[in-house]
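These are the residues of each chain, in order.
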Amino acid sequence: MKNRWNRREFLQKTSAATLAALAASAPIPSLLSGCKSKAIGQTDGTADTVILLWMAGGMAHTETFDPKRHTPFETGMEGNRVLSTFKPIPTVLDGIHFSEGLQSIGKVMDKGTLIRSYVAADMGHILHSRHQYHWHTCYEPPQTVAAPHLGAWIAKELGPKNPVIPAFIDIGQRFTVGEAEELKAFHTAGFLGNEFGPFFIPDPSQGLESVRPPVGMDAKRFERRNQLYNDLISNSPVGEFGSDYQKESLKRSMEQAYMLLNSPEAKAFNLSTEPKESYDIYNTGRFGLGCLLARRLTEQGARFISVTTEYEPFFGWDTHENGHTRLEKMKQMIDGPVAQLVKDLDKSGHLDRTMIILASEFSRDMMVEGRPDAKVLEQVNQPDILSDMKFYGMHRHFTDGGSVLMFGGGTKKGFVYGKTADERPCKTIENPIKIDGLHQTIYHALGIAPDTQYEIEKRPFYTTPDGKGKAVLDLLT
């Protein structure tokens, strides 16, 4: 078993990696002329834009997109009997069922691919922030350099579709709840530079506030703020230890924000202009409105957009208790907006070149913590006999199976990939796919070469560890 990093060690190591990236002071040529070549069979890409719908906190596959035998709650029942707490319902695909509450998404699966064999990494003691770091960067923490987010790689390699719209936009993530510092560790462009990092919109209902100066700030005062920002860069650790490239990257990120501030495209951030009928479908909360904003930004030429249900310990998908009742609410939050996003982009013609991905860091199970052949320290007080409804649901962290949805951008339509066992442990038994394969599949669809790399600390740093990730071409047309 690998080292059991705790949160403090994780933060110490990731913070050190960030400082190491600054101290490395990578010269401009090495960052701007990374090695990459078009592989045999590599195309120019079938996708231009990626939308990541992030189910933060651990979405149980057996309670969502891969239901098993339904077992109704009974006081005194054995926990090991429970495989799914929701009834299976048919989807538009023959013989394929989702769990109750996901009817709308089920009706658009003829437009996408269902992966039922995602396997999360075995990193010892399970921490959400570590597995989320791994999913978003493809690298297991800690790293000696700050690993770039998936969106940052895409922003760097492809650049903005529309020079006014930030290439990497993150919707719904706040750093005032939960494990803020741990989440910040992977919401970054790392050594690629700030200009390729995320443009944050914590609350999509206030998206317009993200692209205009605060109330009462006139143009002259904003210019003074901009100058102060440049002065702060010069006097910060980046100014003292960072390379010229890193300093210029910070300045360019501010210039991009200023350009957006004065553009007509800024109206896309104003959800109040959306027709009421459409707005009401998406208005299930911050995530639903985030999907609406993602649609509007895609239509304006966004490159990569992440919309998150947001990770906060013991809330949302982090079902340490009341799993069944919690998921009823989570499904109400995502079902309508996700389906409508697919339908709207399909209707407007954008889905053909836009890849939508719905995923989570790992799955959940009633009895197994980790995976059957690599169990880890128990973190949930789950009794063998269920005496209370709060114990009914998937509470433990499960890494040996999981579901991912993919729509558009060259993914197959009405396709199911992989399989998990029908009895506990409901682990992957056909066509396992890990994060390096998933990332490389996304890069392949975008036309990004598999050997893309940059020299950092005198060694190559690839989009996937050691450049060994292989695209799963069976998922693509």
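About the cut-offs
- Residues numbered from 1 in each chain as written.
- Predicted model: local features only at pLDDT ≥ 70, side-chain atom pairs only at ≥ 80, totals over all residues.
- Heavy atoms only, no water.
- Helix = DSSP H or I, 4+ residues; strand = E, 2+ residues; numbered from the N terminus.
- Buried < 20%, exposed > 50% of the residue type's maximum accessible area, 1.4 Å probe, protein only.
- Contact = heavy atoms within 4.5 Å.
- Axes fitted to C-alpha atoms, helices over the stretch in contact; angles between N-to-C directions.
- Parallel < 35°, antiparallel > 145°, perpendicular 65-115°, else oblique.
- Left-handed = near helix turned anticlockwise from the far one by under 90°.
- Nonpolar A, V, L, I, M, F, W, Y, C, P; charged D, E, K, R; others polar.
- Pairing = 2+ DSSP bridges.
- pLDDT = per-residue confidence, 0-100.

## Side note on the overall build of the protein chain
Here is step 1: Secondary structure summary: the protein chain contains 13 helices and 20 strands in total.
Here is step 2: Per-residue burial over the protein chain gives 57% buried out of 477 residues.
Here is step 3: A separation of at least 24 residues holds for 78% of the contacts in the protein chain among residues at least 6 apart in sequence.

## What to know about the environment of Ile 356
Here is step 1: Residue position: Ile 356 is located in strand β9 (residues 354-359).
Here is step 2: Placed 305 residues apart in sequence, Ile 356 and Ile 51 show a C-alpha to C-alpha distance of 4.7 Å.
Here is step 3: Discounting residues that sit within four places of it in the chain, Ile 356 has contacts with Ile 51, Leu 53, Leu 341, Val 342, Leu 345, Leu 351, Leu 405, Met 406 and Phe 407.

## Quick word on the packing of helix α5 (residues 150-158) against helix α13 (residues 435-446)
Here is step 1: Put simply, α5 and α13 touch, their axes get as near as 12 Å, and they point 25° apart. Taken together, α5 and α13 sit at an angle that is classed as roughly parallel. Relative to α13, α5 is oriented so that their crossing is right-handed. Judged by residue contacts, Leu 150, Trp 153, Ile 154 and Leu 158 of α5 engage His 439, Ile 442, Tyr 443 and Leu 446 from α13.
Here is step 2: Tallied by class, residues from the contact of α5 with α13 come to 7 nonpolar, 1 polar and no charged.

## Thoughts on the environment of Ala 121
Here is step 1: Residue placement: Ala 121 occurs in the loop between β5 (112-115) and α4 (128-137).
Here is step 2: If we ignore the near neighbours within four places in the chain, the residues touching Ala 121 are His 131, His 134, Glu 140, Arg 371 and Thr 399.

## Focus on the sheet that holds strand β6 (residues 168-171)
Here is step 1: With respect to topology, 8 strands assemble into an open sheet ordered β7-β6-β8-β1-β9-β15-β5-β16, the strand pairing being mixed. At either margin of the open sheet sits one strand with a lone partner, and together these are β7 (199-201) and β16 (415-417). Across this sheet, the average inter-strand angle for adjacent strands is 15°, counted without regard to direction.
Here is step 2: As paired elements, strand β1 (residues 49-54) and strand β8 (residues 304-308) share 5 bridges and run parallel to each other. Along β8, the bridge assignment pairs Leu 53 with Val 307.
Here is step 3: In the packing of helix α11 (residues 286-299) onto the sheet, the strands contacted are β1, β6, β7, β8 and β9, and the crossing angle to β8 comes to about 170°.
Here is step 4: Together, β1, β9 and β15 (404-407) form the strand contacts of helix α12 (residues 323-348), whose direction differs from that of β9 by roughly 170°.

## A short note on unusual backbone geometry
Here is step 1: Of the consecutive residues Pro 141 and Pro 142, the connecting peptide bond is found in the cis state with omega at 0°.
Here is step 2: Take Pro 142: it is sitting in the loop between α4 and α5.
Here is step 3: Across the junction of Arg 424 and Pro 425, the peptide omega takes the value 0°, indicating a cis bond.
Here is step 4: With respect to the helices and strands, Pro 425 occurs in the loop between β17 (419-420) and β18 (428-430).
Here is step 5: Within the chain, Asn 431 stands out as a residue other than glycine whose phi angle is a positive 50°.
Here is step 6: Backbone geometry places Asp 466, a non-glycine residue, at a positive phi of 60°.
Here is step 7: Checked against the element boundaries, Asp 466 lands in the segment after β20 (459-462).

## So, the confidence of the model for the protein chain
Here is step 1: Mean pLDDT over the protein chain: 87, with 81% of residues reaching 70 or higher.
Here is step 2: The low-confidence segment residues 15-33, where pLDDT is below 50, has 34 contacts with residues more than four positions distant or belonging to other chains.

## Some points on α4
Here is step 1: The element α4 is extensively covered by neighbouring structure, given that 10 of its 10 residues are classed as buried.
Here is step 2: Taken as a whole, α4 has its buried residues at His 128, Ser 129, Arg 130, His 131, Gln 132, Tyr 133, His 134, Trp 135, His 136 and Thr 137.
Here is step 3: Phi for Cys 138, located one or two positions after α4, is positive at around 75°.

## Overview of α5
Three or four residues apart is the spacing at which side chains of an α-helix point the same way, because the helix has 3.6 residues per turn.
Here is step 1: Judged by how many residues are buried, α5 sits mostly within the fold: 8 of 9 residues are covered.
Here is step 2: Of all the positions in α5, only Leu 150, Gly 151, Ala 152, Trp 153, Ile 154, Ala 155, Lys 156 and Glu 157 are classed as buried.
Here is step 3: Gly 159, located one to two residues past α5, shows a positive phi value of around 70°.

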